[in-house]
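Read off the chains here:
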Amino acid sequence: MELIIQLIFSFIFTACFGIIFNAPTKAIPYCGFVGAIGWIIYYMLIQINVTEVQASFIGAFVVAIVAQIFARRFKMPMIIFNVSGIIPLVPGGIAYNTMRNIVELDYNMGIQNGMRAFMISGAIAMGLVFAEVIIQLMMKFFKTGLTSMQSFARAKRRLK
């Protein structure tokens, strides 16, 4: 039951962020779907004791793959789905606690929270980039049938 509630609310909140970011009207439900998928992946990984950083990386990776699929299917920029899709994964509460700890002169806790927020943010960025690179390589492979190394080796053999 809790998983269904998480799914519903993550869909609603992500779709609302799609509205805030002026996504096209027909893309808003899909933006919500992308965010809900990313959040459910993150939530399920946290439930099985995967670290926040790893769960954020995998969640962002899945968000980027689903966003790429929707972007190609609906012929829209991928960023429409990506931006609203990663909103549930952003460590805003941790960043807030970092600033609160620093203002309260609790520097040790502030540094710990700051490093957590920094690592989670980096994991989100890496997840998005890795998914994009993998999809680009796959698309290039499927279009040409060869990777650049295979093409290079074939061209080198022809010169001999």
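The structure presented is a predicted model; accordingly, all values stated were derived computationally and were not measured.

Draft legend 1. Fine view of the overall build of the protein chain. Helix and strand counts for the protein chain stand at seven helices and zero strands. Each helix (α) and strand (β) of the protein chain, taken in turn from the N terminus, gives the series α-α-α-α-α-α-α. Computed over its C-alpha atoms, the radius of gyration of the protein chain comes to 19 Å, more than 25% above the 15 Å expected for a compact globule of 160 residues. Its C-alpha atoms give the protein chain principal-axis dimensions of about 70 × 40 × 30 Å.

Draft legend 2. Region of interest: unusual backbone geometry. In the Ramachandran plot, Asn22 falls in the positive-phi region, its phi being about 60° despite a non-glycine side chain. Position of Asn22 among the secondary structure elements: in the loop between α1 (2-20) and α2 (28-47). Overall, the relative accessible area of 68% leaves Asn22 in the exposed class. Its identity is not glycine, yet Asn49 carries a phi of approximately 65°, on the positive side. One can find Asn49 in the loop between α2 and α3 (52-74).

Draft legend 3. Summary view of the side chain of Ser84. Relative to the helices and strands, Ser84 resides in helix α4 (residues 78-86). A distance of 3.3 Å separates a polar side-chain atom of Ser84 from the backbone oxygen of Ile80. Here Ser84 is in contact with Thr14, Phe17, Gly18 and Cys31, once residues within four sequence places are set aside.

Draft legend 4. A nonpolar patch on the surface, seen in detail. On the surface, a nonpolar cluster with roughly 900 Å² of combined accessible area is contributed by Met1, Ile4, Ile5, Ile8, Phe9, Phe11, Ile12, Phe13 and Phe33. If you tally residues by element for the nonpolar patch, the top one is α1, at seven residues. Locating Met1 in the fold gives a position in the segment before α1.

Draft legend 5. Molecular detail of the nonpolar core. Among the nonpolar cores identified, the biggest contains 31 residues, and Val34, Trp39, Phe70, Phe81, Leu89, Ile124 and Leu128 are the most heavily contacted of them. Taken together, the elements giving at least two residues each to this core come down to α2, α3, α4 and α6 (107-144). With nine residues, α3 is the single largest residue contributor to this core. If near-sequence neighbours (up to four positions away) are discounted, Ile124 is found in contact with Ser56, Ala60, Ile86, Leu89, Val90 and Pro91.

Analysis parameters
- Counting starts from 1 at the beginning of each chain's written sequence and moves along it residue by residue.
- Only residues with pLDDT of at least 70 are given local features in this predicted model, and only at 80 or more are side-chain atom pairs given and counted; all residues enter the totals for whole chains, interfaces and linings.
- For the side-chain quantities, the full set of heavy atoms in the structure was used; hydrogens and water were omitted.
- Only runs of H or I of at least four residues qualify as helices and only runs of E of at least two qualify as strands under DSSP, and these elements are numbered from the N terminus.
- Taken over C-alpha atoms, the radius of gyration is set against a globule rule of 2.2 Å times the number of residues to the power 0.38.
- Each residue's exposure class comes from its accessible area (1.4 Å probe, protein chains only) as a fraction of the maximum for that residue type: buried when under 20%, exposed when over 50%, partly exposed otherwise.
- Any N or O atom pair separated by 3.5 Å or less is treated as a polar contact, with the protein-specific requirement of one donor-capable and one acceptor-capable atom, and with residues adjacent in sequence counted only for side-chain atom pairs.
- Whether two residues are in contact is decided by their heavy atoms, any of which lying within 4.5 Å being enough.
- Each patch is assembled from residues with relative accessible area greater than 30% and no salt bridge, linking like charges that lie within 9 Å and nonpolar side chains (Val, Leu, Ile, Met, Phe, Trp, Tyr) that lie within 5 Å.
- Methods summary: accessible areas were calculated by the Shrake-Rupley approach with a probe of 1.4 Å, and residue burial reflects only the protein chains presented.
- Basic side-chain nitrogens of Lys or Arg form a salt bridge, by our definition, when they fall within 4 Å of a carboxyl oxygen of Asp or Glu.
- Working definition of a nonpolar core: buried Ala, Val, Leu, Ile, Met, Phe, Trp, Tyr and Cys residues. They are joined through side-chain atoms within 4.5 Å.

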